[in-house]
Amino acid sequence: MAGQLWSVNTLGGYFYSLNLSDNLRDPLTSQCKFRQFADVKDASQQGKGKGESFTWDIVGDVTVRGASSLTETNTMPETSFTITQGTLTITEAGNAVPYSGKLEALSKFSTQQVVMKPLKRDRDKTLDALCHAQFNATPLRVVGTSTAAVALTTNGTATATNSVAFNNSHHKAIIDVMKERNIPAYSGDDYMALAWPTTLRTFKNNLETLHQYTPEGLQMIFKGEIGRYENCRYVEQTNIPKGGAANSTTFNSYTNTADAWDNALSDWIFFFGEDTVAEAIAVPEEIRAKIPTDYGRSRGVAWYYLGGFGLVNTAAANARVVKWDSAA
């Protein structure tokens, strides 16, 4: 059987050796960062027995704006609005680690408990990758064209190559774009931004006070949040790899395959307001033990999830996510 075995040291034999420490050490890893910003207020009630699709209505603006001056003898103007629908598909996700009954019998540690730790880390990375894929489907892209200017595209593709590291002037320009597109704030009056720590290094050097919060209006701090500046709160993450410019063919968030931007001066950042990505959960993520087979000699543990993620607003006019991006 594949998986964890007593006969191979690196697959299980090390679980018992002379003078083995009573404590296990874990590798460094990051918790979910993208997923915490998915909207599950309604989609979490999907549950079992409701099919594989989750749908939501999007109400547009009125077709004709109201009259600014009514004539007393004229009738009230009338108009209408359009309704569109967004949808996502429920899929399965999971991973398993099998292990032998001999390993469990001879190991100093509870094999099942040990196996659960790396599986939980894998779950966090996988669900973050699923959520990131929907953030990355946003039609709004901005590219830094100088030390103070950005270029916006609304078709989901960056057409210019980023030429400068992200700085506080770019921050101001992007927030202005979001405000003038009437993107609602995520929390209070603030937008959110997600990026790698090194992507924000020049920005943080610009702003030595980035880590200083004002006491009012910040009762909830998100995981990985490092500071607030001009109506935006920044969160650092390391689950999703760097790179993945518009021309990239090798970037893959599921396999953690990075592909840095050509000039290596910056990297992706997601800015967003309220109503970003919907998560529909039929079966919440859970740890499952395999029913022992081969007379108890073959065992295993898995994590399992039945759900899905979907970008709430796919049309550029209503998009809530803006990606700092590059063509190459």
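Residues numbered from 1 in each chain as written. Predicted model: local features only at pLDDT ≥ 70, side-chain atom pairs only at ≥ 80, totals over all residues. Heavy atoms only, no water.

Considering the arrangement of structural elements, one finds Ile-174 in helix H3 (residues 168-180). Through-space distance from the C-alpha of Ile-174 to that of Leu-152 is 9.1 Å; in sequence the pair is 22 residues apart. Apart from residues lying up to four places away in sequence, Ile-174 is in contact with Val-142, Val-150, Phe-166, Phe-271, Val-322 and Trp-324. (Helix = DSSP H or I, 4+ residues; strand = E, 2+ residues; numbered from the N terminus. Contact = heavy atoms within 4.5 Å.)

One finds Phe-135, Phe-166, Tyr-234 and Phe-271 to be the most contacted residues of the largest nonpolar core, which totals 56 residues. A per-element tally of this core places helix H2 (residues 111-135) first, with 7 residues. When sequence neighbours within four positions are dropped, the list of residues in contact with Phe-166 reads His-171, Ile-174, Thr-199, Leu-200, Thr-202, Phe-203, Tyr-234, Ser-266, Ile-269, Phe-271 and Trp-324. (Core = buried A, V, L, I, M, F, W, Y, C linked by side-chain atoms within 4.5 Å. Buried < 20%, exposed > 50% of the residue type's maximum accessible area, 1.4 Å probe, protein only.)

Nonpolar side chains collect at one region of the surface, where Val-59, Val-62, Phe-81 and Ile-83 lie side by side and expose about 380 Å² of accessible area between them. Those elements giving two or more residues to the nonpolar patch turn out to be strand S2 (53-62) and strand S3 (81-89). For Val-59, the position within the fold is in strand S2. (Patch = residues over 30% accessible without salt bridge, like charges linked within 9 Å, V, L, I, M, F, W, Y side chains within 5 Å. Areas by Shrake-Rupley, 256 points an atom, 1.4 Å probe, with all protein chains shown as cover. Salt bridge = Lys/Arg side-chain N within 4 Å of Asp/Glu carboxyl O.)

Among the structural elements, Asp-267 can be located in the loop between strand S9 (232-236) and strand S10 (269-272). From its side chain, Asp-267 meets the backbone nitrogen of Gly-243 in a polar contact 3.0 Å long. Sequence-distant contacts of Asp-267, that is, excluding residues within four places in its chain, are made with Thr-199, Lys-242, Gly-243, Trp-261 and Trp-324. (Polar contact = N/O pair within 3.5 Å; in protein donor to acceptor, adjacent residues only side chain to side chain.)

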